[in-house]
Amino acid sequence: MASRTNGDDGKLDRSLAEQFLDVLGPVDRWHDHEHIGDFGSPARVDMEQLLEPVAKAGPVSRLGPLEKVHAFWFAGMSCDGCSVAVTGAEKPSLEDLLMGAHPGLPRIVLHHPVLDLEGGPNFLRAHERAIKGELDAPYVIILEGSITDENKAMETGGFWASNGEEPWGKDGVERAVTANEWVARLAPGAAASIAIGTCATWGGIPSAQGNPTGAMSLMDFLGKDYRSTFGVPVVNVPGCPPIGDNFNETVAAILYFLQGFGPLPEFDELGRPAWLFGETVHRHCVRGAYYEEGAYAEEFGDPECLVEIGCWGPVVNCNITSRGAINHVGGCMNVGGACIGCTMPGFPDKFTPFHKTPPGSRVSTTASRLLGSVIKPLRMYSNEHLNREVRWDIHGDVPSGWASEKSEPGALRGAGHKLYDKLRRTTDTGRQDNETWGKRTEWTQARDPELEPQLPRGGELPEEREVSSQEPG
Ligand code: SF4
Ligand code: SF4
């Protein structure tokens, strides 16, 4: 992996993954599972054996050709936050995917180093079958965390991110197998290769300036020409951590495709699900109206737009303000956090220093402040008018015990409100030519006999009648 170019034109002829395998060579020795026995979990079964009797659907209820798909989860330079996010997903939940609870979706047999029951060689049994081509169903690979330059670590006999051991050392000695190696060996035969979280999609925090590991993304490692056995390039679901629902929904969409129920869902030019990352997070932000009115928070905890204390939302592709963090709850600006661009390929280096005003925002915040100085008072003015019943305008009084301190609009503001109402009615093509302010004159009289009667159309007073105790007045 140390060599980043190997063609005369400076481009990679072989991907870094292929070059890594050139160094490691093929493998042909495996754990002796007969000798190891079924030890590995207290239940003496592996995860698949445990779930299969309850998860397996009958041939009638299973709609597509695939009954199950294996999913191999690997961890490079990661904090495991992506695993936590996925276990919190709701639509669909991880449990539903494992149980094959969605009609038409094959169930997922997940091989996850933290979530599986078994450990050690028993956990790696399915991995070995996949390399040997003996697995009983198609598989996908999922990478959490970034790929590292393991060649560099090997120079001193070490490794950066190991995911178990195999007897692939000299003379069958067990040696650490890195996330890189699993990915390099399994990606060519995978039905899909999916990167979860910003470390796996773009390198993320482990690849920040000054890191010693040479950290990079799954896409960097597998290269531009990589295609899965179903012809799919690397799929990227970024976020630090990603929204669990974003990931599970994407997996479900890919499974529908593998099942033959639909076309490949739309991905953008960087392999992100286009329907999830096509908009900036600013466009759906709960604080967007403050930005428009030029009202900005000065410190965390203020309710206004957070741009001047470091929010990059207007230029960041993310859907957390509309989707929430878990089950439509939480999510950065919804709970007071400024966007630091964690879903973006430029994260983190292009967003530092965090929590300082992004330089590009000066133009728009200055324009919004100017516009807001006019728009905001006008809106407050209309808001005051719309917060009054027509009856209260007639009576000149708000009959609310809560409003004892609230003064009536003065002559100027009252005239303004009437003008506003006249303007509104100019576009009302279906209007009757009623007196705008005289809809309920009989009740006005009942309340205030001194008040000058306002005649309805035709000039006659309505028939005298008793005012019911149910009626206001
Ligand atoms: S808090 Fe951020 S995303 Fe929300 S309106 Fe302000 S700049 Fe936009
Ligand atoms: S709003 Fe910004 S910081 Fe929050 S998840 Fe989205 S990209 Fe990351």
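Here the structure is shown first, and the text comes after it.
The rules we used
As a convention, each chain's residues are numbered from 1 in the sequence order in which they are written. Each chain is given a letter, starting from A, and each ligand a number, starting from 1, according to the order in which they appear as written. Note on the predicted model: pLDDT of at least 70 is required for a residue's local features to be given, and 80 or more for side-chain atom pairs to be given and counted; whole-chain, interface and lining totals, by contrast, use all residues. Nearness here has a simple definition: the residue's C-beta atom, placed using the backbone, must lie within 6 Å of the molecule or strand. Charged means Asp, Glu, Lys or Arg here, nonpolar means Ala, Val, Leu, Ile, Met, Phe, Trp, Tyr, Cys or Pro, and polar covers whatever is left, Gly included. Field definition: a residue is buried when 20 or more other C-beta atoms are found within 10 Å of its C-beta, exposed when 12 or fewer are, and partly exposed for counts in between, with C-beta atoms placed from the backbone. Secondary structure elements are defined from DSSP: runs of H or I of at least 4 residues count as helices, runs of E of at least 2 residues count as strands, and each element is numbered from the N terminus. Note on pairing: DSSP must find at least two bridges between two strands before they are called paired. Read the arc as the range of directions from the helix axis to the C-beta atoms. Here contacts are defined at the residue level, using C-beta atoms placed from the backbone and a cut-off of 7 Å between them.

## Some points on the site of ligand 2
Reasoning step 1: All residues adjacent to ligand 2 are Gly239, Val281, Val316, Cys318, Ile320, Cys332, Cys339, Ile340, Gly341, Cys342 and Thr343.
Reasoning step 2: Classifying every residue of the shell around ligand 2 by side-chain character gives eight nonpolar, three polar and no charged.

## A look at the pairing of strand 6 (residues 192-196)
Reasoning step 1: Counting buried positions along strand 6 gives five out of five residues, so the element sits mostly inside the fold.
Reasoning step 2: Both faces of strand 6 are covered, namely the face carrying Ala192, Ile194 and Ile196 and the face carrying Ser193 and Ala195.
Reasoning step 3: One ladder, built from three bridges, connects strand 6 with strand 7 (residues 235-237); its direction is parallel. Residue pairing for strand 7: Ile194 is matched across the bridge by Val235.

## Quick look at helix 7 (residues 125-132)
Reasoning step 1: Within the sequence span of helix 7, burial applies to Ala126, His127 and Ala130. The buried residues of helix 7 occupy one face: seen down the axis, they fall within an arc of 105°.
Reasoning step 2: Within two residues after helix 7, Gly133 carries a phi angle of roughly 75°, on the positive side.

## Digging into the environment of His127
Reasoning step 1: By the element assignment, His127 lies in helix 7.
Reasoning step 2: Considered as a pair, His127 and Leu186 are 59 residues apart in the sequence and their alpha carbons are 8.5 Å apart.
Reasoning step 3: With sequence-adjacent residues up to four places away left out, His127 is seen in contact with Phe72, His111 and Trp182.

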